[in-house]
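One-letter residues, chain by chain:
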Amino acid sequence: MARATLRIFLGAAPGVGKTYAMLEEAHRLSGRGEDVVVAFAMDHGRSDTRALMDGLEVIPPRTVAYRDTAFEEMDVDAVLTRKPRTAVVDEYAHSNIPGSRNSKRWQDVEELLNAGINVLSTVNVQHLASLGDVVSAITDVRQAETVPDDVVRRADQIHLVDISPELLRQRLGDGKIYSADKIDAALSNYFRLGNLTALRELALLWLADRVDEGLAKYRLEQGIEASWPTRERIVIGLTGGPEGEVLVRRAARILKRVNGGDLLAVHVRAADGVAAESPQALEAQRLLVRDLGGSYHIVAGEDPAKALLDFARSVNATQIVVGISRRRSLAGRLTGRGIGNRVVRDSGDIDVHMVSHPLGGRGVDRPRQRDFGRVRVIVGFAMAVVLPVILQLLLAASPTHNITTAVLLQLTGSVAVALVGGLWPALLGALWSSLLVNFFSIPPVGTLTISDPENILALLVFVGVSAAVAAVVDVSARRSKEAARARAEATTLGDLTRGASSAEDTVEGLLKQALDVFQMRGAALFRAVGSAGARSAAAGSAVSADAANGGWRLVAKAGEAAPAAPDGGDNTEQIDAGTRLVLSGRILPASDRRLLSAFAAHLSAQLERRQLAASRREVMRLAESNTMRTSILRAVSHDLRTPLAGIKLAVGGLRQSNVQYTPEEEQELLATIEECSDRLDVLVGNLLDMSRITSDSVNALIRPVRWYEVIPAALHGVPAGRVRVDLPGNMPEIDADAGMLERVIANIVENAIKYAPDSDVVLVGAAGGLSSSTLNGRPSGELCIIDHGQGVPKGSVVRMFQPFQRLNDVPSTTGVGLGLAVAKGFTEAMGGTLTAEETPGGGLTMVIRLPLSTGITFPQDETQAPLEAQSVLLERRHRPPSGSPNDPSREAR
């Protein structure tokens, strides 16, 4: 079944009369005898719209319940069953209620169209997906219901329903759009005069684009090549030279003189003209065109002028902007060989602007390449003079010879000269040979007079064939050399492209590759101090950039003779306004400049990639910080309520004057307050520590620390008999922050007691206090905290150190799950590691490894040190130790 037709009534804003116009069209079709039904239409509370539904068959909508509310939606099945010729479906961009067969009304319309039912529908310009951001910026209202532009563009007909903004506001004020209680708010917000004017312009421009597409399709179908200046469209011809930026800006200024129009930049890439283009300049010009709202195109063609005109006619251009010729020779100007002159001559009805630029008339004609080399050319000229004489002497030694033999022999000599020296030596040799043949072999012999006309023809053919052979050899040699150079450049560019696509390229790697390709001794990349990305580029480089040279910062370098300043090399390539690539070793020929520009473009892309990577890391860090802050807020709002509720309940009970508590009960309430306060203090401390860790604001104050100094303070408040300390007497000093290490041990011990309630916890030091592993090449000290509880499965060990994790999802009243996360963060901040191992026989062993202090000292009385530490532990359990979580001075430290 053929697809039916869709007609859409487009409006700039609510109230312009889209539904009214759609219903009028339905009445017109019905009056012609066509079967028309109203599948879904809304009168929006307007009596005149409601009156237009009279006389039309209306298919009742179906009712959909959603969140205890009944909504009306189009009954697609009923419309398909009824199958009218035309269906009226209002609000094409409407989002259906969840539970409907389609999520969008335009999808319902697609079903009707596929079933052969014509559809009339409506849509506002603010519902077009491509204009959603623009409309929200104008009206400060974000549209939730949108429809893809290509879906609307597929409509067979689009009717613009338009009224002036002043008349629309008047209709609103008369109460014909909204009820009286909404008029003032609408007039002062969405329906402001400026908003309506902007929306109207958007609708007109969008529809103009749609009409332009239809015009282009018609001209293509009818084979019309002549330009129809229905809309201003300017085409810029770019050669790949630096003057392109001047042309783009001039074309943009021309386009500003008219309201609306298109800016199209085109670069014609010819097979023999690639060497004249600069990839770096073209990329900069492409970005400029994009910033000015235009489009950039590349076309291929042997004849740049013809290809440019063909492109201009294909897009129905009205004007072409080209630059004046850069040719300096008088012949180049008089013969009109410049592309601009040919475009003007063949443009027909398209206006052409010849724009002057700083390089106009100051450039040089492309030099002819010495494809044979200077030595071969000199040898060729020598052969052109000597070889014909030798061949003529050989002919003179022969007793009998004729003109044909002489011509063929001299022709062979001309070919040999062409193979050695190229075109010009071959031409000289052909002329010299012709004179010798004429003097010695053509009657009358001994004079330059030719009596037989056939001999004249033979001599001319000889000269022509010699010149043609020389030209063919010369062109073949040039093409062979160009092909070899192009093959080498293609291989190099392929390597660059592969490196870029696989993210293997680095700035330093590209510089080293440039040294090999161009046979240079040094390369350096400089960025202007203060330019965008200079700091991030320098920070990401392995080369120090502490000093600036004349306002330039060294980003990267390679080679033994890398330039120390931007003006200290033999070759300088300007990547952009703030970046320069400098090479030293030899001056590059013009033929290598294009490849150097390709390297510069890849370096620019690599610098941008480095900046994007740094931005991405920063964004990820901020996202992680935001996630952590959200989790912290969740914990504060939920997990901290229990101790607060306990404190409030106990304090409230003590404050009741009509209740008499026994001393034991009062002590119990006070103990509850103290216990809840301690729990609250630990939770808040962990939250603050985790916040510091995630925001990279943890600064460890590293100094030599003994395990005995921090263990007593870390075990303060631990119930007697739950923890056993078994450390050797020769534990060496470690480099750590005493306060952080105390918190690490305290959190691990608290976690062990919580999840191993029936087990004792043992603190064990490695033999001699030394670990078998090293940290960053330094020996490390090790402390093991062992329990014999239920342990942790291997698959959950990594997740155990993440914030807000609890074993087996225990109730949140036991804490917010930050203890081990804080411990791991603090350990890593001190340059150590915190790992978990399975305890033989069941349980979990937490291993703290920290680097040994550079000045290792041991206790004088090794046998008494552990006992002294344990006695200190017993003595300090009754008071908060210095540096503990309850010590106010710790936060300042």
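Remember, predicted model here, so these are calculated numbers, not experimental data.

Conventions adopted
Residues numbered from 1 in each chain as written. Predicted model: local features only at pLDDT ≥ 70, side-chain atom pairs only at ≥ 80, totals over all residues. Heavy atoms only, no water. Helix = DSSP H or I, 4+ residues; strand = E, 2+ residues; numbered from the N terminus. Buried < 20%, exposed > 50% of the residue type's maximum accessible area, 1.4 Å probe, protein only. Contact = heavy atoms within 4.5 Å. Areas by Shrake-Rupley, 256 points an atom, 1.4 Å probe, with all protein chains shown as cover. Axes fitted to C-alpha atoms, helices over the stretch in contact; angles between N-to-C directions. Parallel < 35°, antiparallel > 145°, perpendicular 65-115°, else oblique. Left-handed = near helix turned anticlockwise from the far one by under 90°. Nonpolar A, V, L, I, M, F, W, Y, C, P; charged D, E, K, R; others polar. Polar contact = N/O pair within 3.5 Å; in protein donor to acceptor, adjacent residues only side chain to side chain. Patch = residues over 30% accessible without salt bridge, like charges linked within 9 Å, V, L, I, M, F, W, Y side chains within 5 Å. Salt bridge = Lys/Arg side-chain N within 4 Å of Asp/Glu carboxyl O. Lys, Arg positive; Asp, Glu negative; His and termini not counted. Charge placed at Lys NZ, Arg CZ, Asp CG, Glu CD. Pairing = 2+ DSSP bridges. Core = buried A, V, L, I, M, F, W, Y, C linked by side-chain atoms within 4.5 Å. Phe/Tyr/Trp six-rings, centres within 6.5 Å; stacked < 30°, edge-to-face > 60°. Lys NZ or Arg CZ within 6 Å of the ring centre and 35° of its normal. pLDDT = per-residue confidence, 0-100. Expected span 1.5 Å × (residues − 1).

Draft legend 1. Summary view of the overall build of the protein chain. A tally of regular secondary structure across the protein chain gives 29 helices and 25 strands. The proportion of buried residues among the 893 residues of the protein chain is 43%. Partitioning the contacts of the protein chain with sequence separation of at least 6, the portion at a separation of at least 24 is 72%. Just so you have it, the protein chain exposes about 45,600 Å², and 55% of that area is on carbon and sulfur atoms.

Draft legend 2. A look at the environment of Val473. Structurally, Val473 is set in helix H18 (residues 453-501). Along the chain, Val473 and Val415 lie 58 residues apart, while their C-alpha atoms are 8.5 Å from each other.

Draft legend 3. Structural context of the packing of helix H24 (residues 707-714) against helix H25 (residues 738-755). Contact geometry for H24 and H25: axes closest at 8 Å, N-to-C directions at 50°. Put simply, H24 runs oblique to H25. Here H24 and H25 pass one another in a crossing that is right-handed. Contact residues: Trp707, Val710, Ile711, Ala713 and Ala714 in H24; Ala738, Leu741, Glu742, Ile745 and Ala746 in H25. Here the residues of the contact of H24 with H25 are counted per class, giving nine nonpolar, no polar and one charged.

Draft legend 4. Fine view of the side chain of Asn118. Inspection of the secondary structure puts Asn118 in strand E7 (residues 118-124). The exposure class of Asn118 is buried, given its relative accessible area of 11%. Here Thr5 takes part through its backbone nitrogen, which lies 3.0 Å from a polar atom of the side chain of Asn118. If near-sequence neighbours (up to four positions away) are discounted, Asn118 is found in contact with Ala4, Thr5, Glu34, Arg85, Thr86 and Ala87.

Draft legend 5. Structural detail: a negative patch on the surface. A cluster of like negative charges, contributed by Glu664, Glu665, Glu666 and Glu668, occupies part of the molecular surface. Tracing the chain through its elements places Glu668 in helix H23 (residues 663-694).

Draft legend 6. Molecular detail of a nonpolar patch on the surface. Taken together, the side chains of Phe381, Val385, Val386, Val389, Ile390, Leu393, Leu394, Trp424, Leu428, Trp432 and Leu435 define a hydrophobic patch exposed on the protein surface, amounting to about 1,000 Å² of accessible area. Sorting elements by how many residues they give to the nonpolar patch places helix H15 (residues 373-397) first, with seven residues. With respect to the helices, strands and loops of the structure, Trp432 is situated in helix H17 (residues 423-440).

Draft legend 7. Focus on the pattern of salt bridges. All chains considered together, the criterion is met by 21 salt bridges. Of the charged contacts, one joins Arg101 and Glu111 as a salt bridge, the two residues approaching to 3.1 Å between their closest N and O atoms. In this pair, Arg101 is assigned in the loop between strand E6 (86-89) and helix H4 (105-114) and Glu111 in helix H4, connecting sequence segments ten residues apart. Judged by its relative accessible area of 23%, Glu111 falls in the partly exposed class.

Draft legend 8. Broad picture of the sheet that holds strand E13 (residues 351-355). The strand order across the open sheet formed by five strands is E11-E10-E9-E12-E13, and the pairing between neighbours is parallel. In this open sheet, the two edge strands, each paired with only one partner strand, are strand E11 (295-300) and E13. Across this sheet, the average inter-strand angle for adjacent strands is 25°, counted without regard to direction. Against the sheet, helix H10 (residues 244-256) engages strand E9 (233-238), strand E10 (262-269), strand E12 (319-323) and E13, with an angle of about 170° to E9. Where helix H12 (residues 304-314) meets the sheet, it contacts E9, E10, E11 and E12, and its direction lies at approximately 150° from that of E10.

Draft legend 9. Examining H24 more closely. Counting buried positions over the eight residues of H24 gives seven, a clear majority of the element. Those residues of H24 that sit buried are Trp707, Tyr708, Val710, Ile711, Pro712, Ala713 and Ala714.

Draft legend 10. Focus on the sheet that holds strand E1 (residues 6-11). Taken in spatial order, the six strands of this open sheet run E3-E2-E6-E7-E1-E8, and their pairing is parallel. Unpaired on one side and paired on the other, strand E3 (57-58) and strand E8 (157-161) mark the two borders of the sheet. Strand direction decides the pairing type here: E1 and E7, joined by six bridges, are parallel. Counterpart to Ile8 in the pairing with E7 is Ser121. Across the sheet, helix H1 (residues 18-31) touches E1, strand E2 (36-40), E6, E7 and E8, and the angle it forms with E7 is around 165°. In the packing of H4 onto the sheet, the strands contacted are E1, E2, E6 and E7, and the crossing angle to E6 comes to about 175°.

Draft legend 11. Representation of the environment of Ile350 within the structure. For Ile350, the position within the fold is in the loop between helix H14 (339-346) and E13. Between the C-alpha atom of Ile350 and that of Ala312, which follows or precedes it by 38 residues, the distance is 8.5 Å.

Draft legend 12. Examining the nonpolar core more closely. Core analysis: the biggest nonpolar cluster contains 63 residues, and Tyr92, Leu112 and Val147 have the highest contact counts within it. No other element matches helix H9 (residues 193-222), which puts six residues into this core. If we skip the residues at most four places from it in the chain, Leu112 touches Met74, Val76, Val79, Leu80, Ala87, Val89, Ile117 and Val119.

Draft legend 13. Representation of unusual backbone geometry within the structure. In the Ramachandran plot, Lys83 falls in the positive-phi region, its phi being about 45° despite a non-glycine side chain. The phi dihedral of Glu91 is positive, around 55°, even though this residue is not glycine. Here Glu91 is to be found in the loop between E6 and H4.

Draft legend 14. Up close: the packing of aromatic side chains. Tallied over the full model, the rule gives one aromatic pair. Against the face of Phe40 rests Arg105, its NZ or CZ located 4.1 Å from the ring centre.

Draft legend 15. How the structure looks around the environment of Glu733. As for its position among the elements, Glu733 is in the loop between strand E20 (723-726) and strand E21 (734-736). Overall, Glu733 belongs to the buried group, its relative accessible area being 12%. A sequence separation of 28 residues divides Glu733 from Val705, and the C-alpha atoms of the two residues are 5.3 Å apart.

Draft legend 16. Structural context of the confidence of the model for the protein chain. Mean pLDDT over the protein chain works out to 75, with 75% of the residues at or above the 70 mark. No element of the protein chain has a lower mean pLDDT than helix H29 (residues 888-892), which averages 33, and none a higher one than E6, which averages 93. Confidence over residues 364-370 falls short of pLDDT 50; this stretch has 14 contacts with residues more than four positions distant or in other chains. Predicted confidence is poor over residues 856-893, with pLDDT under 50, and the contacts of this stretch with residues over four places away or in other chains come to 65 contacts.

Draft legend 17. A look at the side chain of Arg7. Inspection of the secondary structure assignment puts Arg7 in strand E1. If we skip the residues at most four places from it in the chain, Arg7 touches Glu25, Arg28, Leu29, Val119, Leu120, Ser121, Gln157 and His159.

Draft legend 18. Up close: H25. With 18 residues, H25 extends 26 Å from end C-alpha to end C-alpha; this agrees with the ideal 26 Å at 1.5 Å per step. Most of H25 sits inside the fold, with 15 of its 18 residues counted as buried. Where H25 begins, one side-chain oxygen reaches toward the backbone nitrogen of Gly739, 3.0 Å away; that side chain belongs to Asp737.

Draft legend 19. Spatial organisation of a positive patch on the surface. A contiguous patch of positive charge on the surface is contributed by Arg250, Arg253, Lys256 and Arg257. Of note, Arg250 is situated in helix H10. What makes Arg250 partly exposed here is its relative accessible area of 31%.

Draft legend 20. Region of interest: the packing of helix H16 (residues 403-421) against H17. One way to put it is that H16 packs onto H17 with a least axis distance of 8 Å and a crossing angle of 160°. Taken together, the axes of H16 and H17 lie roughly antiparallel to each other. Note on packing geometry: the crossing formed by H16 with H17 is right-handed. Of the residues in H17, those touching H16 at Ala406, Val407, Gln410, Ser414, Val417, Ala418 and Gly421 are Leu423, Pro425, Ala426, Gly429, Ala430, Ser433 and Val437. For the contact of H16 with H17, a count of residues per class yields nine nonpolar, five polar and no charged.

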